[in-house]
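# Coordinate inspection notes
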Amino acid sequence: LDFLTVQSRDVVMDIGCGGGATLHRLSVRGAGYVVGVDYSAVSVHQSLELNQEDVSDGKMCVLQASVEELPFDDEFFDVITTVESFYFWPDPQESLKEVRRVLKQGGHFMLIADIYDNGKLPESAKENIRRYQMTVPTAEEYRTLFRNAGFSDVLIHTKDGENWIAVEGIR
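Below or above, wherever it landed, is the structure these notes cover. Being a predicted model, the structure only gives us computed values, none of them experimental. (Residues numbered from 1 in each chain as written. Predicted model: local features only at pLDDT ≥ 70, side-chain atom pairs only at ≥ 80, totals over all residues. Heavy atoms only, no water.)

Taken together, the seven strands give an open sheet; going across it, the order is S3-S2-S1-S4-S5-S7-S6, and neighbouring strands pair in mixed fashion. Sheet topology places strand S3 (60–64) and strand S6 (153–157) at the edges, where each strand pairs with a single neighbour. Recorded for the sheet is a direction-independent mean angle of 15° between the axes of neighbouring strands. Both S6 and strand S7 (residues 165–170) contribute to a ladder of five bridges, which runs antiparallel. Bridged to Asp 153 within S7 is Ile 170. Across the sheet, helix H4 (residues 92–102) touches strand S1 (11–15), strand S4 (77–83) and strand S5 (103–113), and the angle it forms with S5 is around 140°. Strands S5, S6 and S7 of the sheet are contacted by helix H6 (residues 139–148), whose axis makes an angle of about 155° with S6. (Pairing = 2+ DSSP bridges. Helix = DSSP H or I, 4+ residues; strand = E, 2+ residues; numbered from the N terminus. Axes fitted to C-alpha atoms, helices over the stretch in contact; angles between N-to-C directions. Contact = heavy atoms within 4.5 Å.)

Looking now at the pairing of strand S2 (residues 33–38). Among the six residues of S2, five are classified as buried, and the element is accordingly described as predominantly covered. Relative to S2, S1 runs parallel, the two being bridged by five bridges. Bridged to Ile 15 within S2 is Val 37. Taken together, S1, helix H1 (residues 21–28) and S2 constitute a β-α-β crossover, and its handedness is right-handed. With five bridges joining them, S2 and S3 adopt parallel strand pairing. Looking at the pairing, Val 34 lines up with Met 60 of S3. (Buried < 20%, exposed > 50% of the residue type's maximum accessible area, 1.4 Å probe, protein only. Right-handed = clockwise from strand over helix to strand, strands pointing away.)

This next bit is on H4. All of the buried residues in H4 are Pro 92, Gln 93, Ser 95, Leu 96, Glu 98, Val 99 and Val 102. Close packing links the buried residues of H4 with S1, S4, S5 and H6.

Next up on the list: H1. For H1, the set of buried residues is Thr 22, Leu 23, Leu 26 and Ser 27. Considered in projection along H1, the buried side chains sweep an arc of 140° and stay on one side of the axis. Looking at the packing, one finds that the buried side of H1 touches S1, S2, helix H2 (41–50), helix H3 (52–56), S3 and S4. Among the residues trailing H1, Gly 30 stands out with phi positive, at a value near 105°. (Arc of directions from axis to C-beta.)

As a further point, take the nonpolar core. Within the largest apolar cluster, 37 residues are counted, with the highest numbers of intra-cluster contacts made by Met 13, Ile 80, Val 99, Phe 109, Tyr 142 and Phe 146. Elements supplying a minimum of two residues to this core: S1, S2, S4, H4, S5, helix H5 (123–131), H6 and S7. Excluding anything up to four places from it in sequence, Met 13 contacts Val 35, Val 37, Leu 70, Phe 72, Phe 77, Val 79, Ile 80, Thr 81 and Val 102. Core analysis: the second largest hydrophobic core is formed by 15 residues, Leu 23, Ala 31, Ile 112 and Ala 166 among them. (Core = buried A, V, L, I, M, F, W, Y, C linked by side-chain atoms within 4.5 Å.)

This brings us to the layout of surface pockets. By rolling a water-sized probe across the atoms, one finds the places where empty space is left. Of the volumes computed, that of the largest pocket is approximately 280 Å³. What lines the largest pocket is a set of 16 residues, among which Gly 16, Asp 38, Tyr 39, Val 67 and Trp 89 lie closest to the centre. Taken as a whole, the second largest pocket encloses approximately 200 Å³ of empty space. Lining the second largest pocket are 14 residues, and of these Thr 5, Asp 10, Asp 78, Val 79 and His 108 lie nearest its centre. Listing elements by their share of the lining of the second largest pocket, those giving two or more residues are S4 and S5. Looking at which element gives the most residues to the lining of the second largest pocket, the answer is S5, with five residues. Taken together, the residues of the lining of the second largest pocket sort by class into three nonpolar, six polar and five charged. (1 Å grid on protein atoms, 1.4 Å probe; cavity = no way out; pocket = protein on both sides within 12 Å on 5 of 7 lines; lining within 4 Å. Points joined across faces, edges and corners; volume = space filled by probe spheres on them. Nonpolar A, V, L, I, M, F, W, Y, C, P; charged D, E, K, R; others polar.)

Here's what the structure looks like:
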């Protein structure tokens, strides 16, 4: 998340919020209002428990929903994140279009993945990708997916010797 700046007036969403750790980090970084979305009822419950204080204070809400059909108006969010959930999106290209739909003009979407197809993945990672039918694009494939979804600027952040990638799309 170090590549992302959030401000006190920003409405921010984390897609695939899991246990709520990213929601907490976004709140601590100063986001004005934070929304968590996850397909799993268990994850929603865990996120609510971890972020109980922010939810009680009215700074955060967590909803069960799918990235395929986000329950928000067009251009609602200033910033959107997803951390290690893209692998499992049923239709990555269409889901990226849906993310763009709810992102304000000039808004930032940050996709963070702990692995991407960089040609250097260990065999154990490749086996997990096959076993769980994960979507793991190359950096250029990410760029193409984001551009095809309508993002005007796409920034790719990687680090030599590391397998993570952060893809930033600007609407």
